Amino acid sequence: MVAINATPSRLHSAVIGWYEANARDLPWRDSTATPWAVMVSEFMLQQTPVKRVLPAYAAWMERWPTPARLAADAPGEAVRMWGRLGYPRRALRLHGAAVAITEQHGGQVPEDHAALLALPGVGEYTAAAVASFAFRQRHVVLDTNVRRVFARAVTGVEYPAQATTAAERRTAAAYLPEGDDRAATWAVAVMELGALVCTARGPECADCPLFADCAWQKAGRPPYEGPARRGQTYEGTDRQVRGKLLAVLREAHGEVPQARLDAVWPDAVQRARALDGLVADGLVEPVAQGVYRLPG
DNA sequence: TATTCGTGGAT
DNA sequence: TATCCAAGAAT
């Protein structure tokens, strides 16, 4: 399994050394960032690039510097502040997490991995990330960046499989440093390496601290062979319609008559289906016949 | 396990 | 222009 031809300790030092010299100066990594700040950043970063998260994160933290402050506001306000980050159910879940933290954890983001995992919107990755980054615990933090680094450096393939496998988890666990603090630094360092150097397209292998040890490099950088990774067409989908409908609601600051929603999409059947979906998801609230608003 | 769920920038 | 990709979670 261990395809990398170097002692783990030397490997850790190489990656951590690279990180200390090259890490981005991100606000949620600041020494004054609270666990809540880390959690907010992790929610926003689920499938949304850092560059687009930065301004939204700053505005969010200024308005809701603690979970209790967010919990005291309406969930619709969270949806509105989410803006165009995409996947607005994340906003609703973050609000739900804030409520749970306020009511069940005394307003403090829980340190325990299992308690984190029980919060809405927190899956395996986010629980590990918050526990590791905010509380300096030792966890396998396996995101798309880390998966790609291991796929290349250890397994020798260009891209990991579509879904995370048990083998990947074992590999990541095998390379996790022993000490809590070192494991936490390793976790963020490998992730940053994947984000800045070992990128999906056009990796900067010449700048990589793993260059000499990388299994993919040694194999001659063979191209990806797996099944075609399905490109998600967006034009004309319910997702696009949902996005258009919700954009109207976000910008309205109040109740919106049906006609305003009807104007953004011509197909009445699809429009109704999309709106029903938004209501079912709790993103939109019907207030009367033909009148809607963000959830209060 | 396979789908669904936004949005915008890069190539 | 079309496709790919971005710190995933829930079902």
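Here's a quick rundown of the structure.

Scoring rules and cut-offs
Residues numbered from 1 in each chain as written. Chains lettered and ligands numbered in written order. Predicted model: local features only at pLDDT ≥ 70, side-chain atom pairs only at ≥ 80, totals over all residues. Heavy atoms only, no water. Pairing = 2+ DSSP bridges. Helix = DSSP H or I, 4+ residues; strand = E, 2+ residues; numbered from the N terminus. Near = heavy atom within 4 Å. Polar contact = N/O pair within 3.5 Å; in protein donor to acceptor, adjacent residues only side chain to side chain. Nonpolar A, V, L, I, M, F, W, Y, C, P; charged D, E, K, R; others polar.

**Things to note about the sheet that holds strand S1 (residues 256-257)**
One open sheet accounts for three strands, arranged S1-S3-S2; its pairing is antiparallel. With one partner strand each, in any of the chains shown, S1 and strand S2 (285-288) form the two edges of the open sheet. In this structure, S2 lies alongside strand S3 (residues 291-293), joined through three bridges in antiparallel fashion. Pairing of Pro-286 across the sheet is with Tyr-292, part of S3.

**Quick look at the protein's contact with DNA strand C**
Taken together, 28 residues form the shell around DNA strand C, and within it Trp-28, Glu-42, Gly-121, Thr-126 and Arg-148 come nearest. The sugar-phosphate share of atoms of DNA strand C within 4 Å of the protein amounts to 65%. In the environment of DNA strand C, a base nitrogen lies 2.8 Å from a nitrogen or oxygen atom belonging to the side chain of Trp-28. In this structure, a base nitrogen belonging to DNA strand C sits 3.4 Å away from a side-chain N or O atom of Tyr-125. When contributions to the surface near DNA strand C are tallied by element, the ones reaching two or more residues are helix H2 (35-45), helix H8 (124-133) and helix H9 (144-155). The residue inventory of the surface near DNA strand C, partitioned by class, reads ten nonpolar, nine polar and nine charged.

Nothing here speaks to function; it is all geometry.
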